[in-house]
Amino acid sequence: MTRSIQRLVWAGLVAGATGLSLAGPLDQRQLPPEVRLVMHADFDAMRGSDVGRFLIEHPKLGPMPLLERLRRDVGVDPVKDLHGVTMYTTSPCMAHTVAVLTCSSEGAKRFGERMAAGELPDFEHGGQPDMEYWSWRRREMRTFAAIHAGGLDGERRIIFADSVAQLDAAVKQLDAAPTTPREEQPQPRVGSCVFVWIEDFGDCDLWRPQAQVLRHTSSVLIDVGLQAREEGSEEPAQVYGAAMVKADSEESAALMRQVLAGTLAMYQLGVQGEPGGDDATHVLRQVQSEVRGKELHVTWAPDGTRMMAALQAIAEGNTSEKAAEARSAGPGDMVPRGTP
C-alpha cells in the first residue's frame with residue numbers, strides 16, 4: 001500500500017478524530033477560565049482497547065507525528081512513559097497553545113537527561129524562582145519547557161509553551177484551585193480517549209489559510225472514546241465517535257456535509273483492491289452525518305474487529321513497502337545522506 005493511500009485510509013478511519021490529554025479524565029485545573037481551545041488525549045484510556053494500544057504502539061500510522069518527536073527530541077517514550085497530553089490556548093490564534101504532558105517519573109528523568117545533553121537547536125537553559133526551564137529553536141519559533149510535579153505518585157508533568165511568560169502562567173494554573181467550567185464549555189463523555197473543543201477560530205493567520213472552510217465555521221466539538229462495558233461482560237470495548245460543527249448558515253452546514261461525504265467516498269476509492277480494503281471500507285461506511293439547522297452532527301460506531309483488521313493490514317503493507325524499497329535501492333542509496 002503506498003504511503004499516500006495509507007494516509008488516506010488512516011484519515012478515514014479516525015474520521016477527523018485527531019487531537020492531543022492528561023492521564024485519566026480531563027483535569028479542569030489545567031484550563032484557565034478564558035480557554036478557547038482544548039485538545040485532550042487520554043493514553044491510559046486508549047490502552048483499554050486493542051485499537052487504542054495498536055495506535056499508540058504504531059504512532060507513524062496515524063496523525064500523531066508528535067509522538068515520534070517526543071521520543072526523538074525530548075526523550076519521552078510514548079509507548080512506555082506517556083499517560084496523556086492536554087493542549088489549550090486562550091489566544092485568538094490557535095497556533096499558540098500550551099501543551100501539558102503527563103508521564104511517568106522515568107519519562108521525566110529521560111527528559112531531564114535529554115535536556116542536560118543540550119543538543120537541540122539553539123539550546124538554552126534558564127530559570128526563575130520556583131521554575132527551571134529549557135528552550136530551543138523550532139523553525140522560526142522557540143519552544144520553552146519545564147517539569148512540574150504530577151498529580152499522583154510516580155507521575156510528572158512536562159509543560160511546553162511559546163514563551164517564559166506563557167510557561168509561568170501554565171505552572172501557576174496547575175497550582176491553582178479547581179475552577180468550575182463555563183456553562184457553554186462542553187466536557188468529555190465517560191470513557192473519552194480523544195476530546196477536541198474549539199470555541200472559535202478567531203483570526204489566526206496560521207490556520208485560516210490552510211482551510212477556507214474555517215471561514216464558515218464558528219466552533220468544533222469532537223469526542224472519541226470507549227463505551228463502558230456491562231459488568232461481567234467479556235465483549236471488547238466498543239469504540240464511539242461524535243463530532244459537531246457549528247457553521248455560519250444552514251447552507252454552509254449542508255455543504256460541509258457534502259464535503260464529508262465526498263471525502264469518505266474518496267477514501268473508499270483509495271482502498272479498493274488494497275490489503276485490508278474491505279475492512280477499511282466497512283469501517284468508513286459506519287460514519288453517519290446529518291444537518292440540524294446550522295449544525296453538522298457526525299456519529300461513528302465502528303466495528304472494532306474490522307477496524308483492527310484494517311489497521312493491521314495497513315501496518316503490514318507499510319512494512320512490506322519499506323522492505324521493497326530497500327531491496328530496490330542502489331548501493332549509493334543505502335549510504336546515509338549519500339556520504340561516502
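Computed from a prediction, not measured in an experiment: that's the story for all the values here.

Glancing now at the overall build of the chain. Tallying secondary structure elements over the chain gives nine helices and 12 strands in all. Taking all 340 residues of the chain together, 46% fall into the buried category. Roughly 17,500 Å² of accessible area belongs to the chain as shown, and the carbon and sulfur atoms make up 52% of that amount.

We now examine the nonpolar core. The biggest cluster of nonpolar side chains holds 57 residues, and the ones touching the most others in it are Phe-43, Val-74, Leu-101, Phe-111, Trp-136 and Phe-160. Leu-26, Val-35, Ile-159 and Trp-197 belong to the second-largest nonpolar core, a separate cluster that totals 19 residues.

This paragraph deals with the pairing of strand β11 (residues 287–292). Where β11 lies against strand β12 (residues 295–300), six bridges are found, and the strand directions are antiparallel. Across the sheet, the residue bridging to Gln-288 is Thr-299, located in β12.

We now examine the environment of Gly-112. Within the secondary structure layout, Gly-112 lies in helix α5 (residues 105–117). A relative accessible area of 25% places Gly-112 in the partly exposed class. Taking the C-alpha atoms as reference, Gly-112 lies 8.7 Å from Ile-147; in sequence the two are 35 residues apart.

Moving on, we come to the sheet that holds strand β8 (residues 192–198). Taken together, 12 strands build an open sheet; the order of strands is β4-β5-β6-β7-β3-β2-β1-β8-β9-β10-β12-β11 and the sheet is antiparallel. What marks the edges here is a single partner per strand, and that holds for β4 (124–128) and β11. Here the average twist between neighbouring strands, direction ignored, is 15 degrees. Where strand β2 (residues 82–89) lies against strand β3 (residues 98–104), six bridges are found, and the strand directions are antiparallel. Paired with Gly-84 across the strands is Thr-102, a residue of β3. Its contacts with the sheet place α5 against β3, β5 (131–138), β6 (141–149) and β7 (155–161), and it is angled at close to 120 degrees to β3.

A few words on the packing of helix α7 (residues 250–271) against helix α8 (residues 277–284). Taken N-terminus to C-terminus, the directions of α7 and α8 make an angle of 170 degrees; their axes are 9 Å apart at the nearest point. Relative to α8, the element α7 lies roughly antiparallel. From α7, Leu-264, Tyr-267, Gln-268 and Val-271 reach across to α8, where they touch Gly-277, Ala-280, Thr-281 and Leu-284. In terms of residue class, the contact of α7 with α8 is made up of five nonpolar, three polar and no charged.

A separate point is the pattern of salt bridges. One pass over the full model with this rule turns up 13 salt bridges. Residues Arg-72 and Asp-73 are paired through a salt bridge, measuring 3.1 Å at the closest nitrogen-oxygen approach. Exposure remark for Asp-73: the relative accessible area of 17% places this residue in the buried category. The partner of Arg-137 in a salt bridge is Asp-122, with the nearest N and O atoms 2.8 Å apart. With a gap of 15 residues between them, Arg-137 in strand β5 and Asp-122 in the loop between α5 and β4 connect regions that are remote in the sequence.

In the sheet, β4 pairs with β5 via five bridges, with the strands oriented antiparallel. Bridge pairing links Glu-124 to Ser-135 in β5. Counting the residues that bridge the hairpin from β4 to β5 gives two residues, and of these Asp-130 lies at a positive phi of roughly 70 degrees.

Right, let's get into unusual backbone geometry. Its identity as a non-glycine residue notwithstanding, Asp-122 has a phi of 50 degrees, on the positive side. Classification of Asp-122 as partly exposed rests on a relative accessible area of 46%.

This part takes up the packing of aromatic side chains. Throughout the structure, instances matching the rule amount to four aromatic pairs. When the ring of Tyr-133 is compared with that of Phe-144, the centres are 6.3 Å apart and the planes differ by 55 degrees; the resulting orientation is tilted. Of this pair, Tyr-133 sits in strand β5 while Phe-144 sits in strand β6, and the two are 11 residues apart along the sequence. Owing to a relative accessible area of 13%, Phe-144 belongs among the buried residues under this scheme.

A rise of 1.5 Å per residue sets the reference length of helix α6 (residues 164–175), with its 12 residues, at 16 Å; its end C-alpha atoms lie 17 Å apart and thus fit the reference within 8%. Elements in contact with the buried residues of α6: β2, β3, β5, β6 and β7.

We now examine the side chain of Thr-217. As for its placement among the helices and strands, Thr-217 is situated in strand β9 (residues 217–227). The residues touching Thr-217, leaving out its near neighbours within four places in the chain, are Phe-201, Val-245, Lys-246, Ala-247 and Met-256.

Relative to the assigned elements, Arg-36 resides in the loop between α1 (3–14) and β1 (37–42). Under the relative-accessibility criterion, Arg-36 is labelled buried at 17%.

By the element assignment, Trp-197 lies in strand β8. The exposure class assigned to Trp-197 is buried, which follows from its relative accessible area of 6%. A C-alpha to C-alpha distance of 5.7 Å links Trp-197 and Val-220, two positions 23 residues apart in sequence. Trp-197 has contacts with Val-35, Arg-36, Leu-37, Val-38, Arg-182, Glu-184, Gln-185, Pro-186, Val-220 and Leu-221, leaving out every residue within four places of it along the chain.

Reading the values: the criteria
Once a new chain begins, its residue numbering starts again from 1 and follows that chain's sequence as written. Only residues with pLDDT of at least 70 get local features here, since the model is predicted, and only at 80 or more are side-chain atom pairs given and counted; chain-wide, interface and lining totals rely on the full set of residues. As a rule here, side-chain values come from all non-hydrogen atoms in the structure, and water together with hydrogens is ignored. In this text, helices come from DSSP runs of H or I with a minimum length of four residues, and strands from runs of E with a minimum of two, each type numbered from the N-terminal end. Burial classes: relative accessible area under 20% of the type maximum marks a residue as buried, over 50% as exposed, and values in between as partly exposed (1.4 Å probe, protein chains only). Computed with the Shrake-Rupley method and a 1.4 Å probe, the accessible areas treat only the protein chains shown as cover for residues. Grouping buried Ala, Val, Leu, Ile, Met, Phe, Trp, Tyr and Cys residues that are joined through side-chain atoms within 4.5 Å yields what is termed a nonpolar core. Only strands that DSSP links by at least two bridges are regarded as paired with each other. In this analysis an axis means a line fitted to C-alpha atoms, helices contributing only their contacting stretch, and an angle means the value between N-to-C directions, from 0 to 180 degrees. A contact between two residues is defined here by any heavy atoms of the two lying within 4.5 Å. Put simply, angles under 35 degrees are roughly parallel, angles over 145 are roughly antiparallel, angles from 65 to 115 are roughly perpendicular, and the rest are oblique. Residue polarity follows a fixed list, in which Ala, Val, Leu, Ile, Met, Phe, Trp, Tyr, Cys and Pro are nonpolar, Asp, Glu, Lys and Arg are charged, and the others, Gly among them, are polar. Whenever Lys or Arg places a side-chain nitrogen within 4 Å of a carboxyl oxygen from Asp or Glu, that contact is recorded as a salt bridge. To pair, rings of Phe, Tyr and Trp, with the six-membered ring standing in for Trp, must have centres within 6.5 Å; the planes then decide the type, stacked if under 30 degrees apart, edge-to-face if over 60, and tilted in the middle. To estimate the expected span of a helix, subtract one from its residue number and multiply by 1.5 Å.

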